[in-house]
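Single-letter residue listing:
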There are 8 protein chains.
Amino acid sequence: MKKLVGIIMGSDSDLPIMNKAIEVLQEFQIGFEVKILSAHRTPDEHTDYAKTAEQRGLKVIIAAAGGAAHLPGVTAAHTILPIIGVPINSKLNGIDSLLSIVQMPSGIPVATVAVDGAKNSALLAIEILALSDKKIREKLIIYRENQRKESYAKNEKLNK
Amino acid sequence: MKKLVGIIMGSDSDLPIMNKAIEVLQEFQIGFEVKILSAHRTPDEHTDYAKTAEQRGLKVIIAAAGGAAHLPGVTAAHTILPIIGVPINSKLNGIDSLLSIVQMPSGIPVATVAVDGAKNSALLAIEILALSDKKIREKLIIYRENQRKESYAKNEKLNK
Amino acid sequence: MKKLVGIIMGSDSDLPIMNKAIEVLQEFQIGFEVKILSAHRTPDEHTDYAKTAEQRGLKVIIAAAGGAAHLPGVTAAHTILPIIGVPINSKLNGIDSLLSIVQMPSGIPVATVAVDGAKNSALLAIEILALSDKKIREKLIIYRENQRKESYAKNEKLNK
Amino acid sequence: MKKLVGIIMGSDSDLPIMNKAIEVLQEFQIGFEVKILSAHRTPDEHTDYAKTAEQRGLKVIIAAAGGAAHLPGVTAAHTILPIIGVPINSKLNGIDSLLSIVQMPSGIPVATVAVDGAKNSALLAIEILALSDKKIREKLIIYRENQRKESYAKNEKLNK
Amino acid sequence: MKKLVGIIMGSDSDLPIMNKAIEVLQEFQIGFEVKILSAHRTPDEHTDYAKTAEQRGLKVIIAAAGGAAHLPGVTAAHTILPIIGVPINSKLNGIDSLLSIVQMPSGIPVATVAVDGAKNSALLAIEILALSDKKIREKLIIYRENQRKESYAKNEKLNK
Amino acid sequence: MKKLVGIIMGSDSDLPIMNKAIEVLQEFQIGFEVKILSAHRTPDEHTDYAKTAEQRGLKVIIAAAGGAAHLPGVTAAHTILPIIGVPINSKLNGIDSLLSIVQMPSGIPVATVAVDGAKNSALLAIEILALSDKKIREKLIIYRENQRKESYAKNEKLNK
Amino acid sequence: MKKLVGIIMGSDSDLPIMNKAIEVLQEFQIGFEVKILSAHRTPDEHTDYAKTAEQRGLKVIIAAAGGAAHLPGVTAAHTILPIIGVPINSKLNGIDSLLSIVQMPSGIPVATVAVDGAKNSALLAIEILALSDKKIREKLIIYRENQRKESYAKNEKLNK
Amino acid sequence: MKKLVGIIMGSDSDLPIMNKAIEVLQEFQIGFEVKILSAHRTPDEHTDYAKTAEQRGLKVIIAAAGGAAHLPGVTAAHTILPIIGVPINSKLNGIDSLLSIVQMPSGIPVATVAVDGAKNSALLAIEILALSDKKIREKLIIYRENQRKESYAKNEKLNK
């Protein structure tokens, strides 16, 4: 299966959170790859990764990091692919991670989701892929519909 | 020119900020439309807009709002198009706008940019469009390159 | 018993907190209904609920949500009934929930109570109902008096 | 005209903000009274005011204060009328005013609106009054409709 | 023993924290009294307490409260005795308690200590009492000296 | 006139704020002294000042500082006199100044007032002095009464 | 004069702030260079700069940036020279800049100074250089002494 | 082994965090000393320590403290050695500790690292020492390289 989404994270301690993104992509049968890459501890490997992402066929990169979370922004600097940033919860409740990712300067955007918002990072990647892939689009419509039904089911359970 | 990007905002007081998004889209010669739509004051018109966005040919919606900024999230609830949220500066320095937009619950993502990050909202839309449009992709590469050159030029000026 | 108060919440995970509102309404023998309704995952069902609330006889709606908590504000957009918003504690200690609910733009108010303030949301609903219902008013006066007495009793216990 | 709404504020420096509440009540032709009352500098007069509010015919009290904003909460302690709290902007951008008002302990609620949300405090009072007054209810429906139309008009102007 | 210090708190849930203040006053053999008094749930009893504090011989009042912590400020409104405010940790990490206590308007000060700073509230009361009581002053000098010695002892233990 | 109150501040840029403390002390005819003393730039002079304050006859020290505001706490370390800390507004709206002053560790308290709360710092000093000085006590009672009257006068003006 | 200190900043809009660092280095007659380098807009030039800094003879790098301020951390990733980070004031009062710089993950430190703390960034660089350069050390001692004297002079002026 | 680095902390409760700094210095075989010194409880011993640090051969001081964390700044006031400040996590998530340390006034810098950033405080000290000590420099290069390799190893493990 062709890899369309790259999932990178600053540390393997982010993996339990990011597994929720992996599960969503698997549910949608979308090819992806996962890498531990640090903008600080492995900057050269990271730069290579970002610079070659487009030619290797990736369409979207999901980058997760905590604290002074530079990974999404520095990835965005080296590619024109859309970068989705996931702020990982930290000592300061993730407010440092969030601000470090979302407050990017003009010229290089990062599409930021909620603190620990791994699931939504995958769904955002899927929305982007769905723009040019009818099968993904159809699956997304069904996914949304199922989401609605689950909510209805909870209500019926509640009222019993 | 076909409209690919919808720009909506909660109030016309957001327009001076959002003009920077408009200018970038014009520079890239990408068709767009602009509307004042409030999730609170005109909820039905807004729902119609969001529900019909995809069939009207839009690919991405940029939604800007301040304070309890519900517009991007509620737009995302009614469409599977990617929604880019722009938190507009407010009495609380925009931290309320930012958190109201970025902290979306699982299931419905919003791609959030910086407080008052109108320019980056357009560039993020362009990155998404570039995935399936070679001309936009080429323009984006040139735009990035020019951005680099401007920075070099500032350095040369500085050193004189 | 006629339903006067609607209690809605974004997710069933909010139910343990909101049970405190339910208990107070039961203590006052005020009719109410409880629903899981998401402004994001079930927007159409939610809109229906809000639009028909008044004609179905509701007088007040208590809406609880966490994170980017849009439920109270979007409910308020579709009805002229008073909406009481309860910010549910979240990853950011509830400050995101609080700001998303309280910082409503001019034109559509939400009566916001404390983070996880479910009990007070019910008491505020009761204060509103008491304006036109003498029995509820009398019960509220007794409730307040009992509250005072409990505090006195604690003091006596303390001084022994 | 019978006074239904009391507007109190901690300092006359809050008056320019609170004038927006006064204008809305005047537009709705609802009787009201305005007083400078401080929970700190004039506590006895304030207690008298709060204790006698209901018997004097008031239905709702709007209380505005900044900084360590105790006025709304202390008013609520002395009456069973619904109290609407308006946090006034301060040195800390109003976050101190907001938290001092909204984070009330269980037992005594305050219906809090946005920082400097004077207009919405009046509209919330009107929503409460509309529950038992058909004329006010009709005016509120028209007000909401006009609000929608203003927004439409802005769009038409924008598109020209 | 004559009661010189009043310790009041909004709720008996604050007692475990405030016990540290009690212990310090006991260690200094200073007379004190402890009361649960709420500015919201028992406002009249509280007002009586504050108004009669000076004539009953109290010199300083320590007031502890959490959330929208009005107790210290409202106590200060009713007496010219120095009031020491102790912000009690809350859902928002005590920042709401702190700001509700410290940000008092001009005219009525509250001497605020750290979040959960019960021990320091007692030591501050003692510093004030020491100004006109030589025995307390001497004990305070010894207390400070012992505090220094404990720190030295920790160093010696550390270096072994 | 004997100097009872020391007013120290980290920088002469704090003087415009602290003038309000000076004016209150002058109004009460209480002797005081003013010094620019930095815990960082003039630590030895500052230590001397704090260590000799009690023997020079001072009863209370008011210490104002902004940013990483160490002056009040470090003063408290060198004397058993009550120290009143005034957080001066700064780039971060004074929240850094406030936390640097109020969050003192157990053992050494600082009586903290509001951000830029110079006037209240003087009134707190006066409350402390009033405990053992009948004339100051009487002036304070009159001051409070006048404060009440000013508030009444504003109301009468408002109602005309 | 040999260049010992590199001053880099994300944007030329940071220059007015960073001029204070330049003035201090000039006063100490320490060689330095200034460059506009963005971790986002000119990532390759920036990487080159950081990687070659040590061999070009630099001893310390001062890096200033605002918002999602990645420049100091990413510079630190490419060199073992000490990096001093200066958070530049921004829409969020610089709290985003501060957290983006200071909250670095384990392994790659950044020596962070205050928001807009350009002057202190130069003094910190000088303290580091003074460890192995007696002339700089002597100048620093004199600088500190002059700083003390200025403070004394202000006091004398104040007391006249 | 000659002591080059002083590690001081306000309380022995900070020791578990600061052990990570100790381990790094031990790994690099750099001489160091550890002391519990409080700017508040043992100010004179602390002043002595700071004033004599340079003549005793120390090159860098790491100072850790929580809450109103004055230790790093007050140490910096008494020596021209570089001071590295470590904000220790506290009731307010360490934001008070961080701001108390990093927001130093012009003239006296503190090199601040992340909340609980003990490991990075040691690495920053090592970067400074490496400027004039080739052996330390070589060890630091190897340390960085090993850090990279560990990250690679995690990736290989992940991909199996």
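Residues numbered from 1 in each chain as written. Chains lettered and ligands numbered in written order. Predicted model: local features only at pLDDT ≥ 70, side-chain atom pairs only at ≥ 80, totals over all residues. Heavy atoms only, no water.

**Topic: the overall build of chain A**
Phase 1: Scanning chain A for helices and strands turns up six helices and five strands.
Phase 2: From first element to last, N terminus to C terminus, chain A shows the α and β order β-α-β-α-β-α-β-α-β-α-α.
Phase 3: The principal-axis extents of the C-alpha atoms in chain A amount to approximately 55 × 40 × 30 Å.
Phase 4: Counting every position in chain A, which comprises 160 residues, the buried fraction comes to 67%. (Helix = DSSP H or I, 4+ residues; strand = E, 2+ residues; numbered from the N terminus. Buried < 20%, exposed > 50% of the residue type's maximum accessible area, 1.4 Å probe, protein only.)

**A word on the relation of the copies chain B and chain A**
Two copies of a chain can be linked by a rotation about an axis combined with a shift along that same axis.
Phase 1: After a rotation of 180 degrees and a shift along the axis of 0.0 Å, chain B superposes on chain A with an RMSD of 0.0 Å. Here the symmetry operator amounts to a two-fold rotation axis.
Phase 2: Both copies contact each other with a shared surface, as 100% of the interface residues of chain B are interface residues in chain A too. (Least-squares fit on C-alpha atoms with pLDDT ≥ 70 in both. Contact = heavy atoms within 4.5 Å.)

**A word on the confidence of the model for chain A**
Phase 1: Confidence in the prediction for chain A averages 96 pLDDT; 100% of positions are at 70 or higher.
Phase 2: Both confidence scores are given for the complex: pTM 0.97, ipTM 0.97. (pLDDT = per-residue confidence, 0-100.)

**Some remarks on the interface of chain B and chain A**
By a widely used convention, the size of an interface equals the accessible area lost when the partners come together.
Phase 1: Facing 40 residues of chain B, the contacting portion of chain A comprises 40 residues.
Phase 2: Buried area between chain B and chain A, summed over both chains or domains, comes out near 3300 Å², and the portion from carbon and sulfur atoms is 60%.
Phase 3: When the buried surface of chain B facing chain A is broken down by residue, Ile 80, Pro 109 and Leu 131 of chain B rank first, second and third, together holding 20% of it.
Phase 4: The tally of links between chain B and chain A comes to two salt bridges.
Phase 5: Breaking the side of chain B that touches chain A down by element, the ones donating at least two residues are helix H3 (71-77), helix H4 (95-102), strand S5 (111-112), helix H5 (118-130) and helix H6 (134-159) of chain B.
Phase 6: Residue classes in the side of chain B that touches chain A are distributed as 25 nonpolar, eight polar and seven charged. (Buried area = accessible area lost by both parts, 1.4 Å probe. Salt bridge = Lys/Arg side-chain N within 4 Å of Asp/Glu carboxyl O. Nonpolar A, V, L, I, M, F, W, Y, C, P; charged D, E, K, R; others polar.)

**Thoughts on the packing of helix H4 (residues 95-102) of chain E against helix H4 (residues 95-102) of chain F**
Angle between the axes and distance between the axes: these two values describe a pair of packed helices.
Phase 1: Their axes nearest at 13 Å, the elements H4 of chain E and H4 of chain F cross at an angle of 95 degrees. Taken together, the axes of H4 of chain E and H4 of chain F are roughly perpendicular relative to one another. Across the interface between the two elements, Ile 95, Leu 98, Leu 99 and Val 102 of chain E from H4 of chain E touch Ile 95, Leu 98, Leu 99 and Val 102 of chain F from H4 of chain F.
Phase 2: Grouping the constituent residues of the contact of H4 of chain E with H4 of chain F by class yields eight nonpolar, no polar and no charged. (Axes fitted to C-alpha atoms, helices over the stretch in contact; angles between N-to-C directions. Parallel < 35°, antiparallel > 145°, perpendicular 65-115°, else oblique.)

**Structural notes on helix H6 (residues 134-159) of chain D**
All names here are of chain D.
Phase 1: In a regular helix each residue adds 1.5 Å, so 26 residues correspond to 38 Å; H6 covers 38 Å between its end C-alpha atoms and thus fits that length.
Phase 2: Burial in H6 covers these residues: Ile 136, Leu 140, Tyr 143, Arg 144, Gln 147, Arg 148, Ser 151 and Asn 155.
Phase 3: Two or three places before Lys 135, at the start of H6, stands the capping residue Asp 133, its side-chain oxygen 3.0 Å from that residue's backbone nitrogen. (Expected span 1.5 Å × (residues − 1). Polar contact = N/O pair within 3.5 Å; in protein donor to acceptor, adjacent residues only side chain to side chain.)

**A look at the pairing of strand S1 (residues 3-9) of chain D**
Each regular strand displays side chains that alternate between the two surfaces of the sheet.
All names here are of chain D.
Phase 1: Among the seven residues of S1, six are classified as buried, and the element is accordingly described as predominantly covered.
Phase 2: Here six bridges tie S1 to strand S2 (residues 31-36), and the two strands are oriented parallel to one another. The partner of Gly 6 across the bridge, within S2, is Glu 33.
Phase 3: Taken together, S1, helix H1 (residues 15-27) and S2 form a β-α-β motif whose crossover is right-handed.
Phase 4: Of the pairings in the sheet, the one linking S1 to strand S3 (residues 60-66) comprises five bridges and is parallel in character. Residue pairing across strands places Gly 6 opposite Ile 61, the latter belonging to S3. (Pairing = 2+ DSSP bridges. Right-handed = clockwise from strand over helix to strand, strands pointing away.)

**So, the pattern of salt bridges**
All names here are of chain D.
Phase 1: Overall, the coordinates contain 56 salt bridges over all chains when judged by the stated rule.
Phase 2: Notably, a salt bridge pairs Arg 148 with Glu 145, separated by 3.0 Å at the nearest N-O pair. Residue Arg 148 and its partner Glu 145 are located together in helix H6, separated by three residues, close to a single helical turn.
Phase 3: Judged by its relative accessible area of 19%, Arg 148 falls in the buried class.

**Brief notes about unusual backbone geometry**
Phase 1: The backbone phi angle of Gln 29 of chain B is positive, close to 55 degrees, even though this residue is not glycine.
Phase 2: Inspection of the secondary structure puts Gln 29 of chain B in the loop between helix H1 (15-27) and strand S2 (31-36).
Phase 3: You can call Gln 29 of chain B exposed: its relative accessible area is 57%.
Phase 4: Positive phi outside glycine occurs at Asp 116 of chain E, with the angle close to 60 degrees.

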